[in-house]
Amino acid sequence: MPRATVDTRAEIRVAALELFSERGVDATSLREIAERIGITKAALYYHYASKDALLGELVDPMFAELRELGDELEGRTVDAGDEAAVRAVIERFWELCLRNRHVIRVLIHNPAVVARAEIAPRMLHWRERVDAVLVGSDEAVDRVRAVVALGGVQDTVIVFDEAELPGLREPAIDAAVRALRPTAGP
């Protein structure tokens, strides 16, 4: 019987993300992914040569969004006193994390895979670009505010149940904006 869906690659990505979330990347075989969508393992290999190639295609859209955000903000610094500008960047980051929530969760729960696929250096590079825009400094004491703000937003999106997130959006963004306010001295 012919398959009703024509975008097999998209089906593979959805099934892989579900299984990687449920079982972990290393504990999920390509055969299990193929079976989940009713194709042969050979058909899956036609689309993806390896599990790492499939994982790469799952994380690439998130990196593209981070790169886009970094490129858009490149060369500018958000004045910490301009709360509306700071809030706009944090809101964009919230939405980026929300769209990529399941991918981020897979990455956090599979550190060996992150190391093997060299994902962490890429993720940190783009986060550091956004950090620098938010605080306008490479000084650790300044950057820690951005790390706390962005890390808090990211963690909120991945730790809490999806149904709770709409009610947590504003409190999380407010907390991030407060974390980015410069301190008044020692």
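For the structure, check the block above.
Residues numbered from 1 in each chain as written. Predicted model: local features only at pLDDT ≥ 70, side-chain atom pairs only at ≥ 80, totals over all residues. Heavy atoms only, no water.

A.B. asks: Quick question: what am I supposed to make of the side chain of asparagine 100 here?
C.D. replies: With respect to the element layout, asparagine 100 can be found in the loop between helix H5 (83-99) and helix H6 (101-109). When sequence neighbours within four positions are dropped, the list of residues in contact with asparagine 100 reads Pro61, Met62 and Glu65. (Helix = DSSP H or I, 4+ residues; strand = E, 2+ residues; numbered from the N terminus. Contact = heavy atoms within 4.5 Å.)

A.B. asks: Please clarify how empty space enclosed by the protein should be interpreted in this entry.
C.D. replies: Empty pockets left among the atoms are what a rolling probe the size of a water molecule brings to light. A complete count under the given rule lists 1 cavity of 30 Å³ or more for this structure. The space that makes up the largest cavity amounts to roughly 60 Å³. Around the largest cavity, the lining residues are Met62, Leu66, Phe93, Leu96, Cys97, Ile104, Met123, Arg127 and Gln154. Listing elements by their share of the lining of the largest cavity, those giving two or more residues are helix H4 (51-73), H5 and helix H8 (119-135). Examining the composition of the lining of the largest cavity, we find that 3 residues originate from one element, H5, more than from any other. Classifying every residue of the lining of the largest cavity gives 7 nonpolar, 1 polar and 1 charged. (1 Å grid on protein atoms, 1.4 Å probe; cavity = no way out; pocket = protein on both sides within 12 Å on 5 of 7 lines; lining within 4 Å. Points joined across faces, edges and corners; volume = space filled by probe spheres on them. Nonpolar A, V, L, I, M, F, W, Y, C, P; charged D, E, K, R; others polar.)

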